[in-house]
Amino acid sequence: MSDRVPILRIGENLLVSIQIDLDDQTVMNLQEDLAAQVVKYGARGVVIDITAAEIVDSFVGRMLSTIASVSRLLDAETVVVGMRPAVAITLVELGLSLGGVRTALNLEQGLAILAKRASAGAAGR
Amino acid sequence: MTVAEPDVGEVRVQTIATSDDVVRARQLARNLAVECRLSLVDQTKLVTAASELARNTLVYGGGGSLSGALVQDARRRGVRLTFTDQGPGIPDVDLALSDGWSSGSGMGLGLSGARRLADDFDLRTTVGAGTTVTVIKWTH
Ligand SMILES: Nc1ncnc2c1ncn2[C@@H]1O[C@H](COP(=O)(O)OP(=O)(O)OP(=O)(O)O)[C@@H](O)[C@H]1O
Ligand SMILES: [Mg+2]
């Protein structure tokens, strides 16, 4: 029984908040839905809020890295926000560095990173 | 690391046959970790290890079960989780336990990571007969 995680659109960014304990198929669906929506809406940023996530295992960790890589190819930046300290400690021990994934402590800071990138991009155009 | 013989509380069993069952196995691990009053970091480590092992039971073992219990030895309390399947077994345990090796498309971190995240780790496998992995997390 796999569900769809809702994806919100705020201006040029997409926002996903992981609220419940997701099964693997739902995680895969989210990865595909996000890529499709980045293209559909020409999104410049993706924010994944994991404040409510009690764990991040290798499967979810891989999803975060893949979303970041795919979004980058589609010209959008991904920021993961709200990682709990216990989750960070566990990820390191698991051996997962989440290389290539930008993180911020909270949603506000995550959106600030994306806004900065957007204005730098606009100036360069 | 070997698993000692502690006193065992009531054993709770969760079948692992679907990816929803992997979620339920995590919940069983979390409930036991909370009842044991493990620290928040240790709860997180145990549930993460449980998630990795439950997924392996499903994906490589073809399904199986988790048996979880609170345990107690002379000095401390703990949570013991045993994942069992009647799948193909693991031909080369050292290889399977090395970081980054996967026979499939995984990152090869589940088994080795679970060993690091647990306090005690025990793996028994017979090719053609199945695999049993037991982990314990103790209160400090
Ligand atoms: N229960 C099992 N039965 C048979 N083989 C197993 C079992 N568990 C693990 N293995 C084997 O051990 C290898 C390593 O497992 P591990 O969990 O470390 O990595 P993975 O599952 O391939 O990737 P990841 O967990 O990082 O997504 C697997 O690729 C598989 O070949
Ligand atoms: Mg695995």
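In the nomenclature of an unreviewed UniProt entry, chain A corresponds to STAS domain-containing protein from the organism Actinospica acidithermotolerans.

Participant: Help me out: how do you make sense of the overall build of chain B in this one?
Facilitator: Along chain B, the regular secondary structure elements total 4 helices and 6 strands. Ordering the α and β elements of chain B from the N terminus gives β-β-α-α-β-β-α-α-β-β. Its C-alpha atoms give chain B a radius of gyration of 14 Å, within 12% of the compact-globule value 14 Å for 140 residues. C-alpha atoms of chain B, sized along the principal axes, occupy 40 × 30 × 25 Å. The buried share of chain B, taken over its 140 residues, is 51%. Of the contacts formed within chain B by residues at least 6 apart in sequence, a portion of 63% connects residues at least 24 apart. Summed over its atoms, the accessible surface of chain B is roughly 6300 Å², and 50% of this surface lies on carbon and sulfur atoms.

Participant: In this structure, what is going on with the sheet that holds strand β5 (residues 102-104) of chain A? I would like to understand it.
Facilitator: Strands pair in a sheet through their backbones, by hydrogen bonds, and they do so in one of two ways: parallel or antiparallel. Residue and element names in this part refer to chain A. Taken together, the 5 strands give an open sheet; going across it, the order is β1-β2-β3-β4-β5, and neighbouring strands pair in mixed fashion. Edge strands, defined here as strands with exactly one partner in the open sheet, are β1 (7-10) and β5. Ignoring strand direction, the axes of neighbouring strands in this sheet form an average angle of 25 degrees. Inspection of the sheet shows strand β2 (residues 13-17) paired to strand β3 (residues 45-49) by 5 bridges, in the parallel sense.

Participant: Explain the pattern of salt bridges here, please?
Facilitator: Close approach of charged atoms lets side chains of opposite charge pair. The final tally for this structure, using the stated rule, is 19 salt bridges over all chains. Residues joined in a network through salt bridges with shared partners are D21, D24, E54 and D57 of chain A together with R26, R30, E52 and R55 of chain B.

Participant: What exactly am I supposed to notice about the pairing of strand β6 (residues 130-138) of chain B here?
Facilitator: It is a general feature of regular strands that their side chains alternate between the two faces of the sheet. Residue and element names in this part refer to chain B. The buried fraction of β6 is high, at 8 of 9 residues. Sheet topology places strand β4 (residues 77-85) next to β6; 8 bridges connect them, and they run antiparallel. Of the residues in β6, the one forming a bridge with L81 is V135. In this antiparallel pair of consecutive strands, strand β5 (residues 120-126) and β6, the connection spans 3 residues, and G128 shows a positive phi of 90 degrees.

Participant: Looking at this model, I keep getting lost on the UniProt feature "domain: STAS" (unreviewed entry) in chain A. Mind explaining?
Facilitator: Under the present numbering, the feature "domain: STAS" (unreviewed entry) in UniProt falls on residues 14-114 of chain A. Its end C-alpha atoms 11 Å apart, residues 14-114 of chain A is made of 51% helix and 17% strand.

About the thresholds
Residues numbered from 1 in each chain as written. Chains lettered and ligands numbered in written order. Predicted model: local features only at pLDDT ≥ 70, side-chain atom pairs only at ≥ 80, totals over all residues. Heavy atoms only, no water. Helix = DSSP H or I, 4+ residues; strand = E, 2+ residues; numbered from the N terminus. Rg over C-alpha atoms; globule rule 2.2 N^0.38 Å. Buried < 20%, exposed > 50% of the residue type's maximum accessible area, 1.4 Å probe, protein only. Contact = heavy atoms within 4.5 Å. Areas by Shrake-Rupley, 256 points an atom, 1.4 Å probe, with all protein chains shown as cover. Pairing = 2+ DSSP bridges. Axes fitted to C-alpha atoms, helices over the stretch in contact; angles between N-to-C directions. Salt bridge = Lys/Arg side-chain N within 4 Å of Asp/Glu carboxyl O. UniProt positions renumbered as here; feature names shortened; annotations may be inferred.

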